[in-house]
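# Analysis of the macromolecular model
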Amino acid sequence: QVQVVESGGGLVQPGGSLRLSCVVSGSGFRFSAMGWYRQAPGKQRELVATITTGISITTYADSVRGRFLISRDNAKNTVLLQMDSLKPEDTAVYYCNSVTPANVAWGQGTQVTVSS
């Protein structure tokens, strides 16, 4: 069974930075495409960033491009989301997901609050 655990959320002032971490259990992490999503109160969950297997092509939502960076370390079964120049509108619960042909797994989420 695949388990996904996010960490690193918290309260930060506008313009600050946070780094989210997602650790995935199991031996097949290097074959998993990974994504970060977020959901603000009263809004639909939206895609933030993705990173593929192989050559690790990345994609970003227009709202975060240039400020956020997704990366992965296959040796540590970990995907990171570095978030810089944070804005109040980035406030949301951030979720990590893992996708293979055999499995789709979600974490429980980590709260990010950007406020002065």
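The subject of this paragraph is the pairing of strand β9 (residues 92-99). Across the 8 residues that make up β9, a large majority, 6, are buried. Where strand β4 (residues 33-39) lies against β9, 7 bridges are found, and the strand directions are antiparallel. Following the sheet pairing, G35 is matched in β9 by N97. Two strands pair when backbone bridges link them, and β9 and strand β11 (residues 110-114) are joined in this way by 3 bridges, in the antiparallel orientation. Across the sheet, residue V93 finds its bridge partner in β11, namely Q111. Note that β9 and strand β10 (residues 104-106) share 3 bridges and pair antiparallel. Across the sheet, the residue bridging to N97 is W106, located in β10.

So, on to the pattern of salt bridges. Two side chains bearing opposite charge may form a pair once their charged atoms approach each other closely. Under the defined criterion, the tally for this structure stands at 4 salt bridges. Of the charged contacts in the structure, one is a salt bridge between D90 and R38, with a shortest N-O distance of 3.0 Å. Here the residue D90 occupies a position in the loop between β8 (78-83) and β9, and R38 occupies one in strand β4, the gap between them amounting to 52 residues. Grouping residues by exposure puts D90 and R38 together as buried. Across the pair R65 and D62 runs a salt bridge whose closest N-O atoms are separated by 2.5 Å. Note on D62: relative accessible area 65%, which makes it exposed.

The rules behind these values
- Residues numbered from 1 in each chain as written.
- Predicted model: local features only at pLDDT ≥ 70, side-chain atom pairs only at ≥ 80, totals over all residues.
- Heavy atoms only, no water.
- Buried < 20%, exposed > 50% of the residue type's maximum accessible area, 1.4 Å probe, protein only.
- Helix = DSSP H or I, 4+ residues; strand = E, 2+ residues; numbered from the N terminus.
- Pairing = 2+ DSSP bridges.
- Salt bridge = Lys/Arg side-chain N within 4 Å of Asp/Glu carboxyl O.

All we've got here are geometric facts, nothing functional implied.
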